[in-house]
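# Tertiary structure, described
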Amino acid sequence: MPLPLTAEDRLHLKTLQPQIAASPKGRGQLIPLLQMAQKALGYLPDEALSLVADHLAVTRSEVYGVASFYNQFRFNPPGKNPVKVCMGTACHVRGGEIILENFERKLEIREGETTEDREFSIERVACVGCCALAPVALVGETLHGHMAPSKVEGLVLRVRLEKEKAEREAAHS
Amino acid sequence: MAKLTTQDLEVIKSAQKARLAFRERTYLLICGGTGCHATGSIRVKDALLAAIEDKGLGDTVQVIETGCNGFCAMGPLLVVHPGDIFYQKLTVEDMPELVESHLINGKPVERLLYKDPVSKARIAAQTKIPFFAHQMPRALRNKGLINPESIDEYIGRDGYIGAAKALFDMTPQQIIEEMKISGMRGRGGAGFPTGVKWDFASKSAGAVKYVLCNADEGDPGAFMDRSILEADPHAVLEGMIIAAKAIDAHKGYIYARTEYPLAIKRLGIAIDQAKGYGLLGDNILGSALSFDIEIYQGAGAFVCGEETALMRSIEGKRGMPRPRPPFPAHKGLWEKPTILNNVETLANVPQIMVKGGAWYAGVGTQTSKGTKVFALSGDVNNIGLVEVPMGTPLRTIIYDIGGGIPNKRKFKAVQLGGPSGGCIPESHLDTPVDYEAIAKVGAIMGSGGAIVMDEKTCMVDMARFFMEFIQDESCGKCTPCREGTRRQLQILEKICEGRGEPDDIDILVELSQTIRETALCGLGQTGPNPVLSALRYFRDEFEAHIHEKRCPAKRCVALLRFEVEPDACTRCGMCFRACPADAIVWEKKEVARIDKEKCIKCLTCYDKCRFDAIF
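The rules behind the values
- Residues numbered from 1 in each chain as written.
- Chains lettered and ligands numbered in written order.
- Predicted model: local features only at pLDDT ≥ 70, side-chain atom pairs only at ≥ 80, totals over all residues.
- Heavy atoms only, no water.
- Helix = DSSP H or I, 4+ residues; strand = E, 2+ residues; numbered from the N terminus.
- Buried < 20%, exposed > 50% of the residue type's maximum accessible area, 1.4 Å probe, protein only.
- Contact = heavy atoms within 4.5 Å.
- Areas by Shrake-Rupley, 256 points an atom, 1.4 Å probe, with all protein chains shown as cover.
- Pairing = 2+ DSSP bridges.
- Axes fitted to C-alpha atoms, helices over the stretch in contact; angles between N-to-C directions.
- Parallel < 35°, antiparallel > 145°, perpendicular 65-115°, else oblique.
- Nonpolar A, V, L, I, M, F, W, Y, C, P; charged D, E, K, R; others polar.
- Salt bridge = Lys/Arg side-chain N within 4 Å of Asp/Glu carboxyl O.
- Domains from an automatic or database assignment.
- pLDDT = per-residue confidence, 0-100.

Secondary structure summary: chain A contains 7 helices and 4 strands in total. Across chain A, helices and strands are ordered from the amino to the carboxyl terminus as α-α-α-α-β-α-α-β-β-β-α. If you line up chain A on its principal axes, its C-alpha atoms span 50 × 45 × 30 Å. By residue count, 50% of the 173 residues in chain A fall in the buried class. A fraction of 61% describes how many contacts in chain A between residues 6 or more apart in sequence connect residues 24 or more apart. By element, 52% of the accessible surface of chain A is carried by carbon and sulfur atoms, the whole surface being about 8700 Å².

Following this line, the structure appears as structure tokens:
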């Protein structure tokens, strides 16, 4: 079951609509438009797929067919701090799977899922090309090299502490 | 910006002379590749600038952020010219000392220099460091030297001179002839002669043709193309312009992985600059050729590295391959004649125009000419980007350049060619880098991923890993790949979990042969290679898993007992300190014990124990 849209999602959809309407209409635009939608919303809810389908005058199933083919596109909202664990060969040799397993245990979700508070999600990625730093994980946009099981806890804790700090500061001001 | 002519290129080139010969000032080249960014090079650069400002050296010192230097494992990196002094693993705190000691007192900071892992000696000059000393940079000739966001610096290094020559002094047929003489073969992996490919497309009839650049570097463990794009994006654009003249195309696309944001950003900057100078667009340099390039961001599908799938993807469809013929040189993107070349191939083209095909073919073997870039990683001391002449033995790459295996462990195999390739054991390490020689020992040249594995790597687990990747990335169009690889994966999983049966090996071999012969595209046809090559050289490991329910490398969790062998334990406590779950019970001078209630089976203790005492 898809998660219901949040108010924030609706706002993003609203700004996305004119952007899509202003884009060229060729069939070759399908993937760039899906990338644009995902950039705005963080994922592709049904409503976004419909926007793209209507604009290009193709069926929604056709749009879904293309979107579901590519790894980049997701149909669940990502966490605010998406964790991406590299599963490339160099990372595998250096124990990437163990890092993934540690994130899963620490966050109590499986790969592909989002924590209930929508703070974290876990994904596996094929290779981020930083093999020199293997094993590698991304938290948000930040890349962390030479990962170890003991580092996982620290990373998660750091994000949570920063969030608490930000909340405290917001409460004070 | 004004549109340039050939004469203008020479003017820009001479204006860059002092900078590129490192004259008149001190140049600090700080690496700005993805690897160094990840280790903090941006903060180091800011601290360096602040320290320079602080000492009032702004007029005599210039800091330049270059693309990937190649020695990624040592980042953040800085090279100081003149002197070619190589600094590694820098931190923000090191900067004031570096500026004071090196820039003011002329004394390099000893402790920040490279330390040879064998002799333990510090080496100051970059070119003297074994990692660099055995290399021959051609595709990577500008790495670590120029600012990738400056077109003028690229022109200063003979940039766009090759394109000018091709546009004004050569016919399309002469360009193709030069490519044929160079012996250049596709660096994406398949090794098809580039000149021949261009010849087909140039002879195809049609007013609309396309030049595509394959920057969808999907092989896990490969980062050659990313580094070239980050360090020298103009070389790829120039290669495409030359290809456009050769086949008479007016439009080009670079199909780049969306996972490479820095490469895409720098490509975008390069395209804008080239357009501004009239090196892309209508009548390039005043010639008859009009050619434009657009970046197309791939959406993450390994199969899109296959040429027909890549073209479907640009057309906005599911990236599924189709049978060939018709070949793309006749019917490619939007059914028009199209050539697709890999990043590394294109980056070599400008130099071939400037120096001639015979120069390029001057190094190499009978059938493999020029140089090849490898992304060396895994269990090896010096991880990074390596460019060597064809014919170089693999042993040289791993031991002389790579510095051998860390942690006093033994070499087991090197994996070449990613999920389509195979592993090469110690007994074949003297195999030269050559398309045919590597194929003979059961691997492929591939795009250049070279992953070194030590004795702690389980080859059954590696076969399972690659099969999982293939199965995940199979597009589902043809049955042998979709169903066959799934079946193979199930069998390999079963073996790793200790449920292997005696005839599993025979079934794996039989399935492999069928998939090889019947799958539609290269992804499927080569998919069984990792399994076949693992079986060829490490059959005993498969048998140990199946018959003895034992994983000799101690990697397969289901086959481990997580117990300490008291006689082997030296009571050092390494496992105790490393365990992230506090599952190890240990006190000084006592044998360690694993509390199975707490153990999370993460294998950290197996990795840390130097005495093989945990089983």
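Text resumes after the structure shown.
Before going further, it helps to spend a moment on the sheet that holds strand E7 (residues 210-215) of chain B. All names here are of chain B. Strand order in the open sheet formed by 4 strands is E9-E8-E7-E10, with parallel pairing between adjacent strands. For this open sheet the edge positions go to strand E9 (292-298) and strand E10 (338-342), each flanked by a neighbour on one side alone. Each adjacent strand pair in this sheet contributes to an overall mean axis angle of 20°, direction not counted. Examined bridge by bridge, strand E8 (residues 251-257) and E9 share 7 bridges and lie parallel to one another. Bridged to Lys251 within E9 is Asp292.

All names here are of chain A. At a minimum axis separation of 11 Å, helix H2 (residues 30-41) and helix H4 (residues 60-69) run at an interaxial angle of 75°. Here H2 is positioned roughly perpendicular relative to H4, judged by the angle of their axes. Contacts from Leu30, Ile31 and Leu34 of H2 reach H4 at Val63, Val66 and Ala67. Looking at the contact of H2 with H4, its residues break down into 6 nonpolar, no polar and no charged.

All told, the structure shown has 49 salt bridges over all chains when counted by the stated rule. B:Asp158 is the partner of B:Lys13 in a salt bridge, and the nearest nitrogen-oxygen pair spans 2.7 Å. Here B:Asp158 lies in the loop between helix H7 (151-156) and helix H8 (161-169) and B:Lys13 lies in helix H1 (residues 6-15), a separation of 145 residues in the sequence. Residue classification places B:Lys13 among the partly exposed residues on the basis of a relative accessible area of 26%. With its nearest N and O atoms 3.3 Å apart, the salt bridge here joins B:Lys494 to B:Asp504. You can see B:Lys494 sitting in helix H20 (residues 479-496) and its partner B:Asp504 sitting in helix H21 (residues 504-518), a full 10 residues away along the chain. A single burial state applies to B:Lys494 and to B:Asp504, both of which are buried. Several salt bridges share partner residues, and in doing so they unite A:Glu97, A:Glu111, A:Arg124, B:Asp461, B:Arg464 and B:Glu468 into one network.

A common way to report how large an interface is uses the accessible area buried once the components associate. Structurally, chain A comprises domain 1 (7-69) and domain 2 (81-172). When each unit is reduced to the centre of its C-alpha atoms, the spacing between domain 1 of chain A and domain 2 of chain A is 28 Å.

What follows is about the confidence of the model for chain A. Caution applies to low-pLDDT parts of the model: their predicted coordinates are not meant to be read in detail. For chain A, the average pLDDT comes to 90, and 98% of its residues sit at 70 or higher. Confidence, expressed as mean pLDDT per element, reaches its minimum in chain A at helix H5 (residues 89-93) of chain A with 86 and its maximum at helix H3 (residues 46-56) of chain A with 96.

As a further point, take the environment of B:Glu306. All names here are of chain B. Along the chain, the position of Glu306 falls in the loop between E9 and helix H14 (307-314). In this structure the C-alpha to C-alpha distance between Glu306 and Leu523, which are 217 residues apart in sequence, comes to 7.5 Å. When neighbours within four sequence positions are excluded, Glu306 is seen to be in contact with Pro321, Arg324 and Cys521.

On to the side chain of B:Thr604. Here B:Thr604 lies in helix H25 (residues 604-608). Residue class for B:Thr604 comes out buried when judged on its relative accessible area of 13%. Residues within four places of B:Thr604 in sequence aside, it is in contact with A:Pro149, B:Ala578 and B:Pro580.

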